[in-house]
Amino acid sequence: MANEHSPLLVHGVYSMMGDAEDSRGGSAVTGEGSPKSNPRKLNTFFGVMVPTILSMFSIVLFLRTGFVVGQAGLLHGLLMLCVAYFIISLTILSICAISTNGAVEGGGAYFMISRSLGPEFGGSIGLMFYLAKVCACGVYVLGLVEAILDVFGKDPGSAVSQGLRVLPQGYWYTVLYSSVVLLLCLVVCLVGAHIYAKASFIILLVVTVSLISIIISPLILSPQHFNITHTYGNNHSVTVSPSYTGFNGTTLKNNLAPRYTLDYSTNTMMSFATVFAVMFTSCTGIMAGANMSGELKNPSESIPKGTIIAVSYTFTVYLLLFLLLSSTCDRLLLINDYAVFQRVNVWPPLVTIGVYCASLSAAMCSMIGASRILHALALDQLFGLPLAPAAVTSSSGNPWVSVLYTWGLVQCTLFAGQLNVIAGIVTVFYLLAYAAVDLACLALEWASAPNFRPTFQFFSWHTCLLGIVSCVVMMFVINPVYSSASIVLLLLLLLILHYRSPTSSWGYISQALIFHQVRKYLLMLDSRKDHVKFWRPQVLLMVANPRSSSQLICFVNQLKKGGLFVLGHVQIGDLDMLPSDPVQPQYNFWLSLVDKLGVKAFVDLTLSPSVRQGTQHLLRITGLGGMKPNTLVLGFYDNCYPEDYFLQDPVFCEGDRGEGDNFGVDLPSLQAHFPLVRHAESPRTLQPEEYVSIILDAIKMGKNVCLARYFFQLPPDSKGVTCIRGNDSVVDTIDVWPTNLLSPDSASYADVCSLFLLQMACVLNMASRWRRARLRIFVCVESESGDQGWLAKEEQFRELLGKLRIRASIKIVAWDNVARMFRAQSSERQKVSEDFLCAVNALLKEHSSPAAVRFLYLPHPPSSSELSQQYLMQLDALTRDLGPALLIHGVTPVTCTEL
């Protein structure tokens, strides 16, 4: 085979072997245009555990643990802690499953989501996660400034500096200090993530020493009393006198229940939701290691192991600190002093250093992680030109432009001025991102894709679904407004990416899910349970050349009434004589044609020595289970030369070339693939005998047959059923002749074929584009007969239409002369005369010339191939110059008068 020796997927193999080439298409662009060096230098400890622990500790550990316990009490605080870690634990299981299912490139959580759910979900959720990281960076910077001002800020009630308190305070000063800190983070990030990775271990040591000092301080310090003053507005000050009791049973008892009060920094009333929003900020660092995936030596191994260890460690520390604070500090101290750990420490500067290091580390980690996500989005080109510069990297592989983008957005968040103000936004964005990761894992599990076999096995679809529900519920508990706004933003991004239709070779989870569900429902669609009440056309339209058949394709698309529609094509050839199958490469062109025409059709192509054999193959094997074609539609066999539809419809014009679709088929390629229409010198590949044999074969196989003639006369787009004649708008008509016009004596308006004709016309009239058309049914009678039996037939026919719920006007056509001509030739036992055929054709023209389309009765074809030419000549004479006409031979009962 031609592709037997093609290499394995780059994404799956080269990345795992350590190749630096990006799986999204070659090396990333550097500032000098040279390929970047291999950035994968970090192991599990430095690349995952350290950044995850530092991100989860950050400011919440040092500046908000006392706030949570003081407002919520120990019981509610532990409940919040358990709920938060329960949610993130479910998400961690999903992260571990996805990250161990293949090679993970740069972009972390975004990469995993986008490669699992496809570009629309991946791009939109990736951008939401990026915004979450941006807001989180702002939270950490504001927290660091808050900690600095606690030590060095001037007393709001005093106009002079006291000791170290030299920094003026106020909203704009806070913004200024935050901008300076953010500028420091920018410098570190521009130098590169490896600098942060090297410094992070030292920062972790400092934070660990600070934690140890916090834990041992109650064993050393004696009880103390403090005076704390808070200024509200310009003139209102409140002084409280809290105490530190050391380990005390009464203190623990008093701190068990919640007591939500005003937050002294924002002067707003706290609740379970607002306190949980602040506390959950400590849990938003679980993807800090995953976001470093581009720098990890072995991300598929490091991300699960490092994340689980880091989260277990932080949970233990938080649990210990909750118990420690609730046992040693009274509620007034916890509520009125964010820096309670510093106040009750054996050496307060140690805690201050820990706060500064943890906050600065978390801010830098968030900025680095956010810039990596933005860089991955830019490489995937999902948002076009606005993010294109973010794909640029330095010679060492550092995405410095995306770092600048991130710095600018974080700077905007700093204008919030207070940590607690944006904590809710951060929490909502992160919960939405976590729900997306769970959704990605759930979709992969439900799709049952054979290639989804992660080495991490401690998850199931139950954990994924529970994780999604938990995240969404907590989003709305925390802040319904922010949650609704974030979901609306997510849906807008989804729509934008859907209509941009970005090219993607990642695979679409939607296709896997659809396949899984369709297979299940096809098995449930039992053909033995078919009932005439629910019959619908399921059409196989044989197409020789779409250039001459596009109007017919569009028409049949309207005729199918929600049924199966398949475009069939037979390629003449013998596979034994060919090096490879010529049919497979053609599918993309045919599917692109379907997209261009805007029809809802499948495509089925086959290779066969003859058109007849190929049509037999398609009639037998097209479809699955109870969803198989029941009607064959063929173009008419005549000597007129077809028109080129591609020259009529603006969609196919040379001037409207476009950029092609996502599968490499542009307009010039599409036009070049389909040959020009047949002209006078072109030999016909299909002989009359073979054409009639195809009709006969279909009837033998129990398929209804339709022959379509003159459908090239329909408007190029076939979209309108109201045509303009002069200055008047005239509603088109659909004419039905449910009589075998070539055999008047055998006319029966209630046989299977006649009823099938009526049903098909009624189906077309139900289509949205033909709904305004008027349905006319022509009843041919011999008005000169003396018994007046035709009046009874007309009445019976009206009654039949009433039972079938078909709204149509009945037109009585007297055809005495035609009937006499038929009997005269029949008595002489001759074939149908030319005069009789001309008389029938004239009758049709007289009554149906203004119709948009005509439904005619197709007589049964002759069994002898010697009569094939004669049969086609009769059909040609019958419909000559008549306009769009559909000759139908029905073999399937399709009408029902029952409820």
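The rules we used
Residues numbered from 1 in each chain as written. Predicted model: local features only at pLDDT ≥ 70, side-chain atom pairs only at ≥ 80, totals over all residues. Heavy atoms only, no water. Helix = DSSP H or I, 4+ residues; strand = E, 2+ residues; numbered from the N terminus. Buried < 20%, exposed > 50% of the residue type's maximum accessible area, 1.4 Å probe, protein only. Contact = heavy atoms within 4.5 Å. Areas by Shrake-Rupley, 256 points an atom, 1.4 Å probe, with all protein chains shown as cover. Core = buried A, V, L, I, M, F, W, Y, C linked by side-chain atoms within 4.5 Å. Polar contact = N/O pair within 3.5 Å; in protein donor to acceptor, adjacent residues only side chain to side chain. 1 Å grid on protein atoms, 1.4 Å probe; cavity = no way out; pocket = protein on both sides within 12 Å on 5 of 7 lines; lining within 4 Å. Points joined across faces, edges and corners; volume = space filled by probe spheres on them. Nonpolar A, V, L, I, M, F, W, Y, C, P; charged D, E, K, R; others polar. Phe/Tyr/Trp six-rings, centres within 6.5 Å; stacked < 30°, edge-to-face > 60°. Lys NZ or Arg CZ within 6 Å of the ring centre and 35° of its normal.

**Student:** Explain the overall build of the protein here, please?
**Tutor:** Helix and strand counts for the protein stand at 27 helices and 16 strands. Here the protein, with 899 residues, has 54% of them falling under the buried criterion. The long-range share in the protein, meaning contacts at least 24 apart out of those at least 6 apart in sequence, stands at 81%. Put simply, the protein shows about 39300 Å² of open surface, and 61% of that area lies on carbon and sulfur atoms.

**Student:** Looking at this structure, how should I read the nonpolar core?
**Tutor:** Nonpolar side chains in soluble globular proteins generally cluster together in the buried interior. Judged by nonpolar contacts, the single largest core of 159 residues is most densely connected at F62, I88 and I286. By residue number, the principal contributor to this core is helix α2 (residues 44-99), which donates 28 residues. Residues in contact with I88, not counting those within four places in the same chain, are M56, F280, C283, I286, V311 and Y434.

**Student:** Is there a simple way to think about the side chain of S213 in this case?
**Tutor:** Following the sequence through the fold, S213 ends up in helix α6 (residues 193-220). At a separation of 3.2 Å, a polar atom in the side chain of S213 contacts the side chain of N345. Residues within four places of S213 in sequence aside, it is in contact with N345, L350 and V351.

**Student:** What's the story with the environment of H498 in this structure? I'm lost.
**Tutor:** As for its placement among the helices and strands, H498 is situated in helix α16 (residues 480-500). Taking the relative accessible area as the measure of exposure, H498 reaches 44% and is therefore partly exposed. With 379 residues separating them along the chain, H498 and P119 place their C-alpha atoms 8.5 Å apart.

**Student:** Would you mind showing me how to read empty space enclosed by the protein here?
**Tutor:** The gaps of empty space that remain are located by a probe, the size of a water molecule, rolled over the atoms. Taken as a whole, this structure holds two cavities of 30 Å³ or more when the rule is applied. Put simply, the largest cavity is a space of about 70 Å³. Taken together, I214, S217, P218, Y244, L324, L325, T328, C329, F341, V344 and N345 form the lining of the largest cavity. Taken together, the elements giving at least two residues each to the lining of the largest cavity come down to α6 and α9 (299-328). In terms of residue class, the lining of the largest cavity is made up of eight nonpolar, three polar and no charged. Within this model, the second largest cavity holds a volume of roughly 60 Å³. Taken together, F62, L63, A147, D150, V151, A339, Q342, V351, T352, V355 and Y356 make up the full set of residues lining the second largest cavity. For the lining of the second largest cavity, the secondary-structure elements that each account for two or more residues are α2, α4 (119-152) and α12 (348-380). At four residues, the largest contribution of residues to the lining of the second largest cavity is made by α12.

**Student:** Just to check I follow, could you spell out the packing of aromatic side chains for this structure?
**Tutor:** Each pair of aromatic rings is reported with the distance of its centres and the angle of its planes. Applying the stated criterion to the full structure yields 26 aromatic pairs. Look at F45 and F46: their rings are 5.2 Å apart centre to centre, the planes differ by 90°, and that puts the pair in the edge-to-face class. What makes F45 partly exposed here is its relative accessible area of 31%. Measuring from centroid to centroid gives 6.4 Å for F646 and F674, while their planes differ by 80°, and the two rings are edge-to-face. Linking F646 in the loop between β8 (631-635) and α21 (667-673) with F674 in the loop between α21 and α22 (688-700), this pair joins segments that are 28 residues apart in sequence. Overall, the relative accessible area of 1% leaves F646 in the buried class. In this structure an aromatic cluster arises from ring pairing among F129, F272, F276, F280, Y430 and Y434. Here the guanidinium or amino end of R343 rests over the ring plane of F226, the centre of that ring lying 5.2 Å away. Over the ring of Y521 we find K520; its NZ or CZ atom is 5.7 Å from the centre of that ring.

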